[in-house]
Amino acid sequence: MAAPAPPVAVHPLPALADETLEDIFLRLPTPAALARASAACTTFRRIVTERSFLRRFRKRHPPPLLGLVDDKGDFHPAEEPHPSAPLAKALVAAADFTYSFVPKPPAHGTSWYARDVRDGRVLLESRNSSSRSDSTRTIRTTRYAVCDPLSRRYALLPPIPEDMAVQQQERLVEFEPNLSPAGQHEDDETCFKVICTACYETKLVAFVFSSVTGQWCVGASYRWTSSGTFNSFNYLSGCFYWPSFCKGKMLVLNTHRMEFSVVSYSMGLELFELIDKIPAVVAGKEGSLEIFFLACHLDSAPIMFYLHHAAQQNNGESSIEWQLKNVKTLPRGYFYFSGGATDGMMFLQGKSWDNSLHSLFEDLTAQDFFSLEVKTWELKKVCRGKPCHRPSGRVHSYFGFPPSLSKPSL
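What counts and what doesn't
- Throughout this description, residue numbers start from 1 for each chain and increase along the sequence as written.
- With the structure being a predicted model, the display of local features is reserved for residues of pLDDT at least 70 and the display and counting of side-chain atom pairs for 80 or more, all residues being used for whole-chain, interface and lining totals.
- Only hydrogens and water are set aside when side-chain values are computed; all heavy atoms of the structure are taken into account.
- Strands qualify as paired when DSSP identifies two bridges or more between them.
- Each helix is a run of H or I in the DSSP string that is no shorter than four residues. Each strand is a run of E no shorter than two, and both are numbered from the N terminus.
- For every element, the axis is a line fit to its C-alpha atoms; helices are fit only across the contacting stretch, and the angle between N-to-C directions ranges from 0 to 180 degrees.
- Exposure categories follow from relative accessible area, calculated using a 1.4 Å probe and restricted to protein chains: below 20% of the type maximum is buried, above 50% is exposed, and the middle band is partly exposed.
- For the charge count, each Lys or Arg is scored as positive and each Asp or Glu as negative, with His and the chain ends excluded.
- Should a side-chain nitrogen of Lys or Arg be within 4 Å of a carboxyl oxygen of Asp or Glu, the pair is scored as a salt bridge.
- In what follows, a contact means two residues having at least one pair of non-hydrogen atoms within 4.5 Å.
- Each nonpolar core is a collection of buried residues, namely Ala, Val, Leu, Ile, Met, Phe, Trp, Tyr and Cys, held together in the definition by side-chain atoms within 4.5 Å.
- The arc refers to the directions leading from the helix axis to the C-beta atoms.
- Two rings belonging to Phe, Tyr or Trp (six-membered ring only in the last case) form a pair when the distance between their centres is within 6.5 Å. Interplanar angles under 30 degrees mark stacking, angles over 60 mark edge-to-face geometry, and anything in between is tilted.

K.L.:
Looking at this structure, how should I read the sheet that holds strand β10 (residues 215–223)?
P.N.:
Hydrogen bonding along the main chain pairs the strands of a sheet, whether they run parallel or antiparallel. One open sheet holds the 4 strands; their spatial order is β7-β8-β9-β10, and the pairing between them is antiparallel. Unpaired on one side and paired on the other, β7 (172–180) and β10 mark the two borders of the sheet. Across this sheet, the average inter-strand angle for adjacent strands is 20 degrees, counted without regard to direction. Pairing of strand β9 (residues 203–210) with β10, which is carried by 8 bridges, proceeds in the antiparallel orientation. Across the sheet, F209 pairs through a bridge with W216, a residue of β10.

K.L.:
Teacher, can you tell me more about the side chain of D148 here?
P.N.:
When you line up the elements, D148 lands in strand β5 (residues 143–148). Despite its burial, D148 pairs with no opposite charge; the closest candidate is R153, at 6.6 Å N-O. Apart from residues lying up to four places away in sequence, D148 is in contact with F101, G120, R153, K407, P408, S409 and L410.

K.L.:
I would appreciate a short explanation of the nonpolar core in the present structure.
P.N.:
Nonpolar side chains in soluble globular proteins generally cluster together in the buried interior. Among the nonpolar cores identified, the biggest contains 21 residues, and F175, V194, F207 and W216 are the most heavily contacted of them. For W216, the residues in contact, after removing those within four places along its chain, are Y144, L157, P158, P159, I160, P161, M164, V194, C196, F207, V208 and F209. By size, the runner-up hydrophobic cluster in this structure holds 20 residues, among which are V282, F292, L372 and W377.

K.L.:
Help me understand helix α5 (residues 85–94) in this model?
P.N.:
Restricting attention to buried positions, one finds in α5 the residues A85, L87, A88 and L91. Considered in projection along α5, the buried side chains sweep an arc of 155 degrees and stay on one side of the axis. Residues of α5 that are exposed and angled more than 90 degrees away from the buried face: K89 and A93. Where α5 is buried, its residues contact α2 (31–38), β1 (65–69), β2 (75–77) and β24 (396–399).

K.L.:
Sorry if this is basic, but what is going on with the packing of aromatic side chains here?
P.N.:
One pair of aromatic rings is described through two measures. These are the centre distance and the angle between the planes. Throughout the structure, instances matching the rule amount to 19 aromatic pairs. Between the aromatic rings of F25 and F53, the centroid separation amounts to 6.4 Å while the plane-to-plane angle is 80 degrees, which identifies the pairing as edge-to-face. Of this pair, F25 sits in helix α1 (residues 18–26) while F53 sits in helix α4 (residues 51–60), and the two are 28 residues apart along the sequence. Residue F25 is classed as buried on the basis of its relative accessible area, which comes to 4%. Of the residues examined, F53 reaches a relative accessible area of 0% and is grouped as buried.

Given below as structure tokens:
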């Protein structure tokens, strides 16, 4: 009888180096796939949740659109069949978009309102209505807070110092707060800046708060002799843009150099009625500046809505360098309003409509939110908003990863 064969030695498979695992995870197609991989074991979880790895992953896979925040602060998550619907549902379950964790504003009878959203943070504002007639008091009594609804962390900002406001010595026309993106603070992604652009009668001033110093300063100023005002800002590639249709100009604030400048634009739309006289500004395929106007054709029955798309041809040095590139017909059954724009994406609000102007503003009807991918011209329905008489106005986009892969932003 033959002797039994000796047992075969079983050697454990060598563990893959962290660098090798990172390269594998970077090639996963979506944030959802990465979230599933991180749940496999503690080693995978440790690698995937490192800030340095998530920063590399974001460069390859920009965070998806998870929903929209309206001017009242309400969050509207992406809904089926939008591809981000499962991630948005998980975000709603984990985050607090009522901002109940943020202390109430100190002034009696005021509330927090969302003014900007960026990098998982929400900029909240509380303004005392009794101070609106006094420019200096308006600035002094307006309070700001920056919060992270997912981690429930917040930072209460001090008021803008009175001496900074008094120095301007002019009547305040507009006052617009913005969140500066985290991309400017690579070493610490929890750092942020708030930039408040004050439009006076003859000049513009940027008040800047830094979370690093905890103080306000005057970051930039610009002499402006036009009678036009600026609002409905767009952000892209390190700059804020405030278009003004009546003057055919856009005010630009470069947040890296903290400098103001002006870009001119011009488009001929004689055959169309502009619904929103302020264009949406986005980044185009080659990084050039592009603008969209929402318009309708009043002679058609039913009335048709269009998006007119123009691209900058020469770095905005002259208005004649803008070229009309495309006109997109929007789906029927809605009266459309512009909801703002961000890098590579424009947002629309569509109010259900039967071609009656009475029903448009008098009836309590639902509104749907849409996104337009600039590079592909793909129009997607993001979600349905609450029934309303009038549209929500500007909406703020919320991009992010699944809650399991999201680090606190404050």
